[in-house]
Every structure is written in C-alpha cells, then in structure tokens.
Amino acid sequence: MADKEYDLIVIGGGPGGYAAAIRAAQLEKRVLLIDDRQDDNGKPAPGGTCLNVGCVPSKALLDSSKHYHHIQHDYTDHGISVESVSMDIGKMLDRKRKVVKQLNGGLLQLFKANKIDFANGRGKLLADRKVEVRPHDGETYTAAGKHVMLAAGSVPFTIPNVEIDNKYILDNEGALEIGEVPERFGVIGAGVIGLEMGSVWSRLGAETVLLEAMDTLLAVVDTDMSRAAAREFKKQGLDIRLGAKVSKATVKDGKVEVHYTDGKGDHTEVFDRLLVAVGRRAASDNLLSDDSGVELTERGQVKVDEHCHTTAKGVVAIGDLVRGPMLAHKASEEGIAVVEALFTGYGHINLDTIPWVIYTDPEIAWVGKTEKDLKEAGIDYKAGNFPFAATGRGLAMGNASGHVKILADAEDDTLLGVQIFGPNASELIAECVVAMEFHGTSEDLARIVHAHPTLSEAVHEAALSVDKRAIHKAN
Ligand code: FAD
Ligand code: AMP
C-alpha cells in the first residue's frame, strides 16, 4: 500500500507540536499529528509534558496549596478566622486530574474540528521525510510528509546513584501524585521545578529541604531579586541549602537516605519522599532512524539553524527538543512561526523577549537582559525599581512583598530587561514583553496610564524611577 501523504507530519503533541499542527490546518494543509501519551485508562492524552505532567497540573496544585496556606496563615489579618481547617489530598489530586482531562478532551476536539489526522502512538523519522507510525492500538504504517516537524519535547535529567522509582524517589510525574503529605520532603535542585514543587508540599505541611549544587540561588536573575526571593522562601519555611551536591540516594525501610557534600563536608539526610529536579534533556531517544539525516548536538538536542531547519532537508524541529528556553510558550510560538514560514513564507518569533515565570508565592518573572548580562556585555544602562509595599493595591491585598526592576539603555532609553518578584508577576510581565517587542523605552511605560489601584502601578513607577521621578517613593 502506498504511504499516506501529508503536507506536514508532526511528531509530538505537546504545546509546540499541537499548536503547529493546528496552525498548519488553519492554512488548509493536510496534517498528521503523532503523540504517544495516554492517560491511566489508556485513552489518548495529547498536550505533552506541559498539560499532563508539567505546567498545568503543577499550577493546579500550587493554587490548591496556596488556598490551604492562606486560610491557615493570612486570613486572620483580614479579620477572618476559620475554626478548623482540614485537607483532602485525594480530592485535591482529583481536581488536578480533572483539569488535565478536560484540556486533553478539548485538544482532541480541536484536532477533529481542524481535520487533523491524529495518531496515538510512537512516531519515528526515517529517511526522505518518511515517518514510521506505531499506533498503540493498530498496525504499524509509514506516512510521507512534504515537511516533517520534530516536537518530541524533553524528559527529566537523572543523576548517577539516584534511581527514580516514582514511589519514594520521584521525578516531576511522581511529585504531582503523592497520595499523602510527606513528613519530610527532600528536593534535589532549587531551580524552577524544585522551587515550585517544593512550595506545594511545604504549604501542605511537609518539612521541605532543597539541596542545590550551585552556591547561588536563582543565578539566572540579579542578586537583589534572588536575595529577596530567598528571604521570602525562608520565612515560608523552605530550607534551601546552597552548595549542596547530592552524590547518592537509597531507599531503606520506606525512607530515602540522601548523601550530599557541601563546603563543610559530607552529610546524610533522611526524607519520606525525594524529588529529583535537576533539569531536563531533549527527548531525542528512539526518535530518528540511523539514515534520517538529522544530527544531534553533544547535549542530545536536535541541531537546528535560526529557522529551526535540521540537517535533513524538509525536516524542522522545535520546542524543548532544540536550543533555547525550555518553556511551553516558547515551544508553541516557535512551532507556529515555523509553520507560517514554511507555508506562507513569513513567520516570527523573538527568542530575546520570551518571558520566564516561577510560580512561587510571590511569583518571579523576568524578560530580556539582567544587570549581570549587561555588565558582562559592557552595555551602559539605567535602572529603576519600585516596591509593591508602596502600592495601595499590594497593601490592600495583604500581599506586598517584592519589587519591580526595569533596565533601560543609558543612551536611548530602550527597554533592555525587566525583573519582577511580587504578587501576580506572571501577569504583570506581559505588558513589559509587549513594550520590549515594540522596541519601547522606559519613557513609554512611564507615559502610559495604568489603572489605580493595581499592581501594575509598580511597573509604571519603576519605569518613572528609571528617570528618578517615581511619585510614591523617594528617588
Ligand atoms: P512536550 O510538552 O514534552 O511534548 C512532547 C510530546 O511528544 C510528549 O507528549 C511526548 O510523550 C511526545 N513524544 C515524544 N517522542 C515521541 C515520539 N517519538 N512519538 C510520539 N510522541 C512522542 N513551562 C512553562 O512555560 N510554564 C510552566 O509553568 C511550566 N511548568 C512546568 C512544570 C513542570 C513540573 C515541568 C516538568 C515542566 C514545566 N514547564 C513549564 C516546561 C514545559 O512543560 C515544556 O517547556 C513544554 O512542555 C515543551 O513543549 P514541547 O511541545 O516542546 O514538548
Ligand atoms: P532547573 O534547570 O531550573 O530545573 O534547575 C535544576 C537545578 O538542579 C540547577 O540549579 C542545578 O544546579 C541543580 N542540580 C543539578 N545537579 C545537582 C546535584 N547533584 N545536587 C544538587 N543540585 C543539583
């Protein structure tokens, strides 16, 4: 039988792959989308890491645990007292699963509405833009694409001598499914995932210890931001140990014994559960046949040029599988931009203005360059900042820690970067991204009217403060 032919075959149905497939279908292209993920009942579960075991379920648990924590610790200040608070962890996990399931179903409907052929199974790239498809419930077949997009995403890194069993020693999947609150919860890695999942279980009552190999917390942002964050996390009870390199973890009698070394020597800690959150790597295993023509980098990522073209003609790759930030919105926008470039001749994504968010409480968000980056690059800049404690809204909400920092070019005032540690930073960063994408200046942000009272006034005032004319603080 002749191979079924498509304009585009996408391998991987995460936020990168499915968004690309939908955009191609909107452009009236024949699309095959292959994704191997299934739910516990063996039903297709498109949406990738992000929807199934990443962004979405982690935010569901972050929100649930935040409510629980606020009721216990923050409501009395508002004059609200709650006699007894209890928690049903089973219900909390069920709610999270329901959110994921609803979105899985929504995606399957979208594929149908867009006339995308969806295969639930494994895809493998062969030579000449052919793809072997192994459905979970059917015969293996081969399809041919005018173009093939690799969007297989990423998997967790592991470290030697620490074996994930997802019972006691967990990766992100296990950490989203703990059926009871551990008394002691250990986390290896105080990066994005470690801080978020550590916050969840700490708020729910676990004594939480994060072991981080680096000497600085959140080296990706400036020290004023990371110090403010560290102070706040400490107040919340997170025990973050820096310079602590884990060498081994073993399960003994239902507990996890962890060995780590820091400047003071060797240490052992015992936890009820241990999360390994030491980063992620490209999911390039078993994706390519030997003669596919696609080359990998030393780190196992698919090698691409600036337009996401791989070393094989007609094969593109996007998202966590390639260079750049491992973020869902980067994957989606990259997928869409590449599809548009292939089929309309023009597509756009600016990797320099991708916002980052860590959903701790308060949140941390940033875009563009940090002061560290600018100093290293020898770029002259001006900085402005403003604390949420000086905003009416922050105080009224009872959530006014943190600040906004804006960096602008010393000569022409172009916005170079923004960092926010504070309430709703994930939403506040959006206007800064827009301003930067339009090559705006700090003066532009300062001249734009911001509603009062809102948290966005802190962004406005930080922009005014670049020119030393903030109203609600001494400049
Ligand atoms: P993925 O989402 O990994 O999707 C790839 C899909 O392809 C998967 O379903 C995989 O099973 C499938 N696949 C792989 N190989 C094959 C094959 N050969 N055949 C068929 N199917 C295949 N990012 C954010 O922006 N915001 C967040 O808040 C956030 N939170 C996160 C929290 C956690 C706990 C984790 C783990 C990640 C989080 N991320 C977050 C990162 C985000 O999940 C990823 O950046 C994003 O999912 C990458 O999208 P992708 O489409 O490249 O790949
Ligand atoms: P992220 O990439 O944001 O998920 O962060 C992962 C974190 O894990 C980084 O800050 C690493 O420094 C940290 N890390 C990696 N290996 C180890 C290790 N063996 N022990 C402790 N921390 C580690």
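Residues numbered from 1 in each chain as written. Chains lettered and ligands numbered in written order. Predicted model: local features only at pLDDT ≥ 70, side-chain atom pairs only at ≥ 80, totals over all residues. Heavy atoms only, no water.

## Details of the site of ligand 1
And step 1. In the region of ligand 1, 38 residues are neighbours, and Asp36, Thr49, Lys59, Gly123 and Ala328 sit closest.
And step 2. A distance of 2.9 Å is found between an oxygen atom of ligand 1 and a side-chain nitrogen or oxygen belonging to aspartate 35.
And step 3. Backbone polar atom of alanine 328 to an oxygen atom of ligand 1: 2.8 Å apart, as the coordinates give it.
And step 4. Burial of ligand 1 by the protein chains amounts to 94% of its free accessible area of 1,000 Å².
And step 5. Broken down by secondary-structure element, the contributors of at least two residues to the shell around ligand 1 are helix 1 (15–26), strand 2 (31–35), helix 2 (48–53), helix 3 (55–73), strand 3 (117–125) and helix 8 (328–344).
And step 6. Considering each element in turn, the shell around ligand 1 owes the most residues, 4 residues, to helix 2.
And step 7. Per-class residue counts for the shell around ligand 1 are 15 nonpolar, 16 polar and 7 charged. (Near = heavy atom within 4 Å. Polar contact = N/O pair within 3.5 Å; in protein donor to acceptor, adjacent residues only side chain to side chain. Areas by Shrake-Rupley, 256 points an atom, 1.4 Å probe, with all protein chains shown as cover. Helix = DSSP H or I, 4+ residues; strand = E, 2+ residues; numbered from the N terminus. Nonpolar A, V, L, I, M, F, W, Y, C, P; charged D, E, K, R; others polar.)

## Some points on the packing of helix 3 against helix 4 (residues 89–113)
And step 1. For the pair helix 3 and helix 4, interaxial distance at closest approach is 9 Å and the crossing angle is 145 degrees. In this structure, helix 3 crosses over helix 4, and the sense of that crossing is right-handed. Seen from helix 3, the contacting residues are Val56, Pro57, Ala60, Leu61 and Ser64; seen from helix 4, they are Met92, Leu93, Arg95, Lys96, Val99, Val100 and Leu103.
And step 2. When grouped by side-chain class, the residues that make up the contact of helix 3 with helix 4 number 9 nonpolar, 1 polar and 2 charged. (Axes fitted to C-alpha atoms, helices over the stretch in contact; angles between N-to-C directions. Left-handed = near helix turned anticlockwise from the far one by under 90°. Contact = heavy atoms within 4.5 Å.)

## Details of the domain arrangement of the protein
And step 1. When cut into domains, the protein gives domain 1 (4–156 + 281–349), domain 2 (169–278) and domain 3 (356–466).
And step 2. In this complex, domain 1 contributes 8 residues to the contact, which on the side of domain 3 involves 7 residues.
And step 3. Interface area, domain 1 with domain 3, both sides summed: about 610 Å², of which 59% is carbon and sulfur.
And step 4. The tally of links from domain 1 across to domain 3 stands at 0 salt bridges.
And step 5. Where domain 1 meets domain 3, there are 2 residue pairs in polar contact (both at pLDDT 80 or more).
And step 6. Tallied by class, the residues present in the side of domain 1 that touches domain 3 amount to 3 nonpolar, 3 polar and 2 charged. (Domains from an automatic or database assignment. Buried area = accessible area lost by both parts, 1.4 Å probe. Salt bridge = Lys/Arg side-chain N within 4 Å of Asp/Glu carboxyl O.)

## Section: unusual backbone geometry
And step 1. The residue after aspartate 361, namely proline 362, is reached through a cis peptide bond having omega 0 degrees.
And step 2. Here proline 362 is to be found in the loop between strand 17 (356–358) and strand 18 (363–368).
And step 3. With an omega dihedral of -10 degrees, the bond running from histidine 452 to proline 453 counts as a cis peptide bond.
And step 4. Following the sequence through the fold, proline 453 ends up in the loop between helix 12 (442–447) and helix 13 (456–466).
And step 5. Residues other than glycine seldom take positive phi values, yet arginine 129 does so here, at roughly 60 degrees.
And step 6. Note on placement: arginine 129 falls in the loop between strand 3 and strand 4 (130–135).
And step 7. By relative accessible area, which is 30% here, arginine 129 ends up partly exposed. (Buried < 20%, exposed > 50% of the residue type's maximum accessible area, 1.4 Å probe, protein only.)

## Remarks on the packing of aromatic side chains
And step 1. Summed over all chains, the structure comprises 3 aromatic pairs.
And step 2. An angle of 5 degrees between the planes, with centres 5.6 Å apart, marks the rings of tryptophan 356 and tryptophan 366 as stacked. Residue tryptophan 356 is found in strand 17, and its partner tryptophan 366 is found in strand 18; the two are separated by 10 residues along the sequence.
And step 3. When its relative accessible area of 6% is taken as the criterion, tryptophan 366 is described as buried. (Phe/Tyr/Trp six-rings, centres within 6.5 Å; stacked < 30°, edge-to-face > 60°.)

## Topic: the pairing of strand 11 (residues 245–252)
Working note: regular strand, side chains alternate between the two faces of the sheet.
And step 1. As paired strands, strand 11 and strand 12 (residues 255–262) are joined by 7 bridges and run antiparallel to one another. Across the sheet, lysine 245 pairs through a bridge with threonine 261, a residue of strand 12.
And step 2. Hairpin geometry of strand 11 and strand 12 is characterised by an intervening segment of 2 residues between the two adjacent antiparallel strands and by a positive phi of about 50 degrees at aspartate 253. (Pairing = 2+ DSSP bridges.)

## With respect to the sheet that holds strand 11
And step 1. Sheet architecture is open: 3 strands sit in the order 11-12-13, paired in antiparallel fashion. Each edge of the sheet is formed by a strand with only one pairing partner; in this case those strands are strand 11 and strand 13 (265–271). Averaged over all pairs of adjacent strands, the angle between their axes in this sheet comes to 20 degrees, without regard to strand direction.

## Quick notes on the side chain of asparagine 104
And step 1. As for its placement among the helices and strands, asparagine 104 is situated in helix 4.
And step 2. Classification of asparagine 104 as buried rests on a relative accessible area of 5%.
And step 3. Those residues within four positions of asparagine 104 in sequence are excluded, and the remaining contacts are Ala45, Pro46, Leu51 and Asn52.

## Some points on the packing of helix 1 against helix 8
And step 1. Interaxial distance between helix 1 and helix 8 falls to 7 Å at its minimum, and their mutual angle equals 30 degrees. For helix 1 against helix 8, the interelement crossing comes out right-handed. When helix 1 is examined against helix 8, the residues Pro15, Gly16, Ala19, Ala20, Arg23 and Ala24 are found in contact with a partner set consisting of Ala328, Ala331, Ser332, Gly335, Ile336, Val339, Glu340 and Phe343.
And step 2. Across the contact of helix 1 with helix 8, the residue classes break down as 9 nonpolar, 3 polar and 2 charged.

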